[in-house]
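Okay, here's what each chain looks like letter by letter:
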Amino acid sequence: MPKMKSNSGAAKRFKITASGKIKRGQSHRSHILTKKSTKRKRHLRSPLAVDAADQAMVRRMIPYA
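Residues numbered from 1 in each chain as written. Predicted model: local features only at pLDDT ≥ 70, side-chain atom pairs only at ≥ 80, totals over all residues. Heavy atoms only, no water.

Draft legend 1. A look at unusual backbone geometry. A positive phi angle is found at H28, which is not glycine, with a value near 70°. Structurally, H28 can be placed in the loop between β2 (22-24) and α2 (38-45). Given a relative accessible area of 52%, H28 falls into the exposed group. Phi is positive for I32, close to 55°, though the residue is something other than glycine. Mapping I32 onto the fold places it in the loop between β2 and α2. (Helix = DSSP H or I, 4+ residues; strand = E, 2+ residues; numbered from the N terminus. Buried < 20%, exposed > 50% of the residue type's maximum accessible area, 1.4 Å probe, protein only.)

Laid out in C-alpha coordinates, this is it:
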(Lines give C-alpha, C1' and ligand atoms only; values in the text may rest on other atoms or scores of the structure.)
Protein backbone atom coordinates (compact mmCIF):
# COMPACT_ATOMS: atom_id res chain seq x y z
CA MET A 1 0.00 0.00 0.00
CA PRO A 2 1.42 3.45 -0.86
CA LYS A 3 2.26 6.00 1.75
CA MET A 4 -0.45 8.47 2.73
CA LYS A 5 0.07 12.13 1.97
CA SER A 6 0.15 14.69 4.75
CA ASN A 7 -1.83 17.88 4.31
CA SER A 8 1.09 20.27 3.84
CA GLY A 9 -0.80 23.26 5.30
CA ALA A 10 -1.63 21.28 8.44
CA ALA A 11 1.91 19.93 8.71
CA LYS A 12 3.21 23.50 8.98
CA ARG A 13 0.63 24.52 11.58
CA PHE A 14 0.51 21.60 14.01
CA LYS A 15 3.08 19.62 16.01
CA ILE A 16 2.53 16.53 18.16
CA THR A 17 3.88 16.75 21.73
CA ALA A 18 5.62 13.86 23.51
CA SER A 19 2.42 13.10 25.45
CA GLY A 20 0.42 12.90 22.20
CA LYS A 21 -1.39 16.23 22.36
CA ILE A 22 -1.51 18.44 19.28
CA LYS A 23 0.07 21.87 19.64
CA ARG A 24 -1.11 24.88 17.63
CA GLY A 25 -0.15 28.53 17.38
CA GLN A 26 -2.58 31.36 17.98
CA SER A 27 -4.02 33.77 15.45
CA HIS A 28 -4.09 37.60 15.38
CA ARG A 29 -0.30 38.00 15.59
CA SER A 30 0.65 38.79 11.99
CA HIS A 31 -0.32 42.42 11.40
CA ILE A 32 -2.17 45.45 12.87
CA LEU A 33 -0.14 45.02 16.07
CA THR A 34 0.04 48.68 17.11
CA LYS A 35 -3.46 48.77 18.60
CA LYS A 36 -2.98 45.51 20.52
CA SER A 37 -1.59 45.73 24.02
CA THR A 38 1.81 44.26 24.90
CA LYS A 39 0.11 41.83 27.28
CA ARG A 40 -2.24 40.61 24.56
CA LYS A 41 0.60 40.10 22.08
CA ARG A 42 2.71 38.31 24.70
CA HIS A 43 -0.11 35.88 25.53
CA LEU A 44 -0.69 35.17 21.84
CA ARG A 45 2.92 33.96 21.54
CA SER A 46 2.40 30.83 23.61
CA PRO A 47 1.04 27.73 21.84
CA LEU A 48 -2.19 25.99 22.87
CA ALA A 49 -3.48 22.45 22.56
CA VAL A 50 -5.99 21.68 19.82
CA ASP A 51 -9.53 21.24 21.18
CA ALA A 52 -10.73 17.65 21.67
CA ALA A 53 -13.47 18.11 19.05
CA ASP A 54 -10.87 18.90 16.35
CA GLN A 55 -8.13 16.41 17.28
CA ALA A 56 -9.35 13.52 15.10
CA MET A 57 -9.51 15.77 12.03
CA VAL A 58 -5.99 17.12 12.60
CA ARG A 59 -4.56 13.62 13.16
CA ARG A 60 -6.03 12.51 9.83
CA MET A 61 -4.31 15.41 8.09
CA ILE A 62 -0.87 14.63 9.56
CA PRO A 63 -0.72 10.81 9.67
CA TYR A 64 3.04 10.46 10.23
CA ALA A 65 3.63 13.33 12.65
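Once the structure has been displayed, the description carries forward.
Draft legend 2. Geometry of the nonpolar core. Grouped together as the largest cluster of nonpolar side chains are six residues: A10, F14, I22, V50, V58 and I62. Setting aside chain neighbours within four positions, we find A10 in contact with M61 and I62. (Core = buried A, V, L, I, M, F, W, Y, C linked by side-chain atoms within 4.5 Å. Contact = heavy atoms within 4.5 Å.)

Draft legend 3. Quick look at a positive patch on the surface. A surface patch of like charges, here positive, comprises R29, K39, R42 and R45. Along the polypeptide, K39 turns up in helix α2. (Patch = residues over 30% accessible without salt bridge, like charges linked within 9 Å, V, L, I, M, F, W, Y side chains within 5 Å. Areas by Shrake-Rupley, 256 points an atom, 1.4 Å probe, with all protein chains shown as cover. Salt bridge = Lys/Arg side-chain N within 4 Å of Asp/Glu carboxyl O. Lys, Arg positive; Asp, Glu negative; His and termini not counted. Charge placed at Lys NZ, Arg CZ, Asp CG, Glu CD.)

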